[in-house]
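# Secondary and tertiary structure notes
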Amino acid sequence: TQLLEQSPQFLSIQEGENLTVYCNSSSVFSSLQWYRQEPGEGPVLLVTVVTGGEVKKLKRLTFQFGDARKDSSLHITAAQPGDTGLYLCAGGESGGSNYKLTFGKGTLLTVNP
Amino acid sequence: NAGVTQTPKFRILKIGQSMTLQCAQDMNHNYMYWYRQDPGMGLKLIYYSVGAGITDKGEVPNGYNVSRSTTEDFPLRLELAAPSQTSVYFCASSTGYEQYFGPGTRLTVT
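An account of the accompanying structure is given in this report. (Residues numbered from 1 in each chain as written. Chains lettered and ligands numbered in written order. Predicted model: local features only at pLDDT ≥ 70, side-chain atom pairs only at ≥ 80, totals over all residues. Heavy atoms only, no water.)

### Focus on the overall build of chain B
The line we're drawing: Only DSSP runs of H or I reaching four residues or more are called helices, and only runs of E reaching two or more are called strands; each is numbered from the N terminus. C-alpha atoms define the radius of gyration in this analysis, and the globule rule sets the expected value at 2.2 Å times the number of residues to the power 0.38. Relative accessible area decides the class of each residue, using a 1.4 Å probe on protein chains only: under 20% of the type maximum gives buried, over 50% gives exposed, and in between gives partly exposed. Here a residue-residue contact requires only that any non-hydrogen atoms of the pair lie within 4.5 Å. For every accessible area listed, the method is Shrake-Rupley and the probe measures 1.4 Å; residues are considered covered only by the protein chains on display.
When helices and strands are tallied, chain B shows 0 helices and 11 strands. Rg of the C-alpha trace for chain B: 13 Å, near the compact-globule value of 13 Å for 110 residues, within the 12% margin. Dimensions of chain B, computed from C-alpha atoms along their principal axes, come out at roughly 35 × 25 × 25 Å. Within the span of chain B, comprising 110 residues, buried residues form 45% of the whole. Sequence-distant contacts, at least 24 apart, represent 54% of the contacts inside chain B between residues at least 6 apart. When the accessible surface of chain B is split by element, carbon and sulfur atoms take 52% of a total near 5,100 Å².

### With respect to the sheet that holds strand E3 (residues 19-24) of chain A
Residues and elements named next belong to chain A. So the rule is basically this: For two strands to be treated as a pair, DSSP must find at least two bridges joining them. Each axis is a line fitted through C-alpha atoms, taken for helices only over the stretch in contact, and angles between the N-to-C directions span 0 to 180 degrees.
The antiparallel open sheet is built from 5 strands, whose spatial order is E1-E3-E8-E7-E6. Each of the sheet's edge strands pairs with one partner strand only, and the pair in question is strand E1 (5-7) and strand E6 (55-58). In this sheet, neighbouring strand axes are inclined to one another by 15° on average, regardless of whether the strands run parallel or antiparallel. Inspection of the sheet shows E1 paired to E3 by 3 bridges, in the antiparallel sense. Across the sheet, the residue bridging to Gln-6 is Cys-23, located in E3.

### Comments concerning the nonpolar core
So the rule is basically this: Among buried residues, the Ala, Val, Leu, Ile, Met, Phe, Trp, Tyr and Cys ones that are joined through side-chain atoms within 4.5 Å form a nonpolar core.
Core analysis: the biggest nonpolar cluster contains 21 residues, and Leu-32, Trp-34, Leu-74 and Ile-76 of chain A have the highest contact counts within it. For this core, the secondary structure elements donating two or more residues are E3, strand E4 (29-37), strand E5 (44-49), strand E7 (61-65), strand E8 (71-76), strand E9 (85-93) and strand E11 (107-112) of chain A. In terms of nonpolar packing, the next biggest core, distinct from the first, is built from 19 residues, Leu-13, Trp-34, Tyr-64 and Tyr-89 of chain B among them.

### Let's talk about the pairing of E9 of chain A
Residues and elements named next belong to chain A. For E9, the buried fraction is high: 8 of the 9 residues fall into the buried class. Pairing geometry for E4 and E9, over 8 bridges, is antiparallel. Within E9, the residue paired with Gln-37 across the bridge is Leu-86. Bridging between E9 and E11 involves 3 bridges; their strand directions are antiparallel. By the bridge assignment, Leu-86 is partnered in E11 with Leu-108. Of the pairings in the sheet, the one linking E9 to strand E10 (residues 101-103) comprises 3 bridges and is antiparallel in character. For Gly-92, the partnering residue across the bridge sits in E10 and is Leu-101.

### Remarks on the pattern of salt bridges
Residue and element names in this part refer to chain B. Quick note on the threshold: We define a salt bridge as a contact between a side-chain nitrogen of Lys or Arg and a carboxyl oxygen of Asp or Glu at a distance within 4 Å.
Counted according to the given criterion, the structure contains 5 salt bridges over all chains. Arg-36 is paired through a salt bridge with Asp-38; the nearest N and O atoms lie 3.1 Å apart. Residue Asp-38 is classed as partly exposed on the basis of its relative accessible area, which comes to 21%. Among the salt bridges present, the one from Lys-44 reaches Glu-59, with a minimum N-O distance of 3.5 Å. Of this pair, Lys-44 sits in strand E5 (residues 43-51) while Glu-59 sits in the loop between strand E6 (54-57) and strand E7 (64-66), and the two are 15 residues apart along the sequence. The exposure class assigned to Lys-44 is partly exposed, which follows from its relative accessible area of 23%.

Spelled out as structure tokens, the structure:
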């Protein structure tokens, strides 16, 4: 069974601060996805990274996939209250079964005005 | 496109009752999934389907059943509801890569 550990579990910061959340595993994944979930709603896909060492930017969000494809990080610059939510990472199984994802437990981010 | 729709949004069941959670997608996706989400536990895969007529167990299938007679619909059946099945249930669909989630069904079993 492939496991994904996310840290920190909870993060509360002030508007304008920077932050990084992590997603780590001892297993290799074929792809790594990040989702954001707001209260009472389903997760929404933010980004997919597939190549070891890949970096993707989405406005103030920067996503990185580790060289060995076992870990990933999400960095938010100048956080805003609208960034508040549960951030979930999910790994696609190595070996071609990309259609099945393993989810981490998430990082609950609160950005205070 | 409506995307992925789920009904009902909320439901309270008594122990031992049965119910079906409905899920439909209009994106012509082959892959569909059912997850449950408990506080602080992320998403656990219950069942999934790679196409009409084909289903398979996920990580936590006990107490649940599914069927997939059409590409669009993927209902989840709970037989003999137990308090341990109190959770938020999410249906998702995919082309085989990125998943699109419905709004969820909050189920309480008392």
